[in-house]
Amino acid sequence: MKKLTVKKGIACMACLECVRTCSVAFYKEFHPDKACLKITERNGAVKPMVCVQCGKCAAACPSGAITQNPKGVYMVSKKLCTGCGKCVEACPFGVMVKAEDSPTASKCIACGLCAKNCPMELLEVVEK
């Protein structure tokens with residue numbers, strides 16, 4: 001299974017470079033609400049919240065627009081997505097995106113662009 005992970009033992013400096021990279025890749029603009037990962041603060045620690053490819057978005061999709069590819073990554077079919085937002089509601093990590101100006105939802109596809117642009121080398125795409 002291919003997925004984006006957060007390395008342990010490295011501190012996130014909350015520079016938002018990963019967020020910028022993701023939102024620009026999907027929506028051609030820097031907008032934190034349009035990135036498929038979020039920077040969160042928990043117990044005083046700042047860290048990226050990423051898609052773990054759990055499939056809850058796919059289970060919630062009434063149109064069957066989210067399916068798992070052979071590498072284990074859940075993908076949104078732009079042809080089948082109705083933009084209802086059920087996947088966004090179902091995502092336990094808050095990283096499923098349905099931008100107001102987009103007719104369809106989007107999610108992490110483990111492309112690795114955010115990892116390549118993280119100055120702390122905190123993110124990585126792994127095959128499990």
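Anything mentioned here points back to the structure above.
Note that the structure is predicted; figures quoted are calculated from it, not measured.

Describing the nonpolar core
One broad rule of soluble globular proteins: the nonpolar side chains tend to lie buried together. Counting residues in hydrophobic clusters, the biggest one holds 30 residues, and the most contacted among them are Leu4, Leu37, Ile66, Met96 and Leu123. Elements supplying a minimum of two residues to this core: helix H1 (17-27), helix H2 (56-60), strand S5 (74-76) and helix H4 (113-117). Among the elements that take part in this core, H1 stands out by supplying four residues, more than any other. Residues within four places of Leu37 in sequence aside, it is in contact with Cys18, Val19, Cys22, Pro48, Met49, Val50, Val95, Cys114 and Leu123.

Regarding the side chain of Lys2
Tracing the backbone through its elements, the reader meets Lys2 in strand S1 (residues 2-6). Here Lys2 occupies a buried position and makes no salt bridge, while the nearest side chain of opposite charge, Glu127, is found at 5.5 Å. At a separation of 3.4 Å, a polar atom in the side chain of Lys2 contacts the main-chain carbonyl oxygen of Ala110. Filtering out sequence-adjacent residues up to four positions away, Lys2 remains in contact with Gln53, Lys71, Val73, Ala110, Val125, Val126 and Glu127.

Things to note about the environment of Pro119
Along the chain, Pro119 turns up in the loop between H4 and strand S6 (123-127). For Pro119, a relative accessible area of 47% translates into the label partly exposed. Distance from Pro119 to Cys108, taken between C-alpha atoms, is 20 Å for residues 11 residues apart in sequence. Residues contacting Pro119, with those up to four places away along its chain left out, are Met13, Cys15 and Glu17.

Cut-off values and rules
- Residues numbered from 1 in each chain as written.
- Predicted model: local features only at pLDDT ≥ 70, side-chain atom pairs only at ≥ 80, totals over all residues.
- Heavy atoms only, no water.
- Core = buried A, V, L, I, M, F, W, Y, C linked by side-chain atoms within 4.5 Å.
- Buried < 20%, exposed > 50% of the residue type's maximum accessible area, 1.4 Å probe, protein only.
- Helix = DSSP H or I, 4+ residues; strand = E, 2+ residues; numbered from the N terminus.
- Contact = heavy atoms within 4.5 Å.
- Lys, Arg positive; Asp, Glu negative; His and termini not counted.
- Salt bridge = Lys/Arg side-chain N within 4 Å of Asp/Glu carboxyl O.
- Polar contact = N/O pair within 3.5 Å; in protein donor to acceptor, adjacent residues only side chain to side chain.

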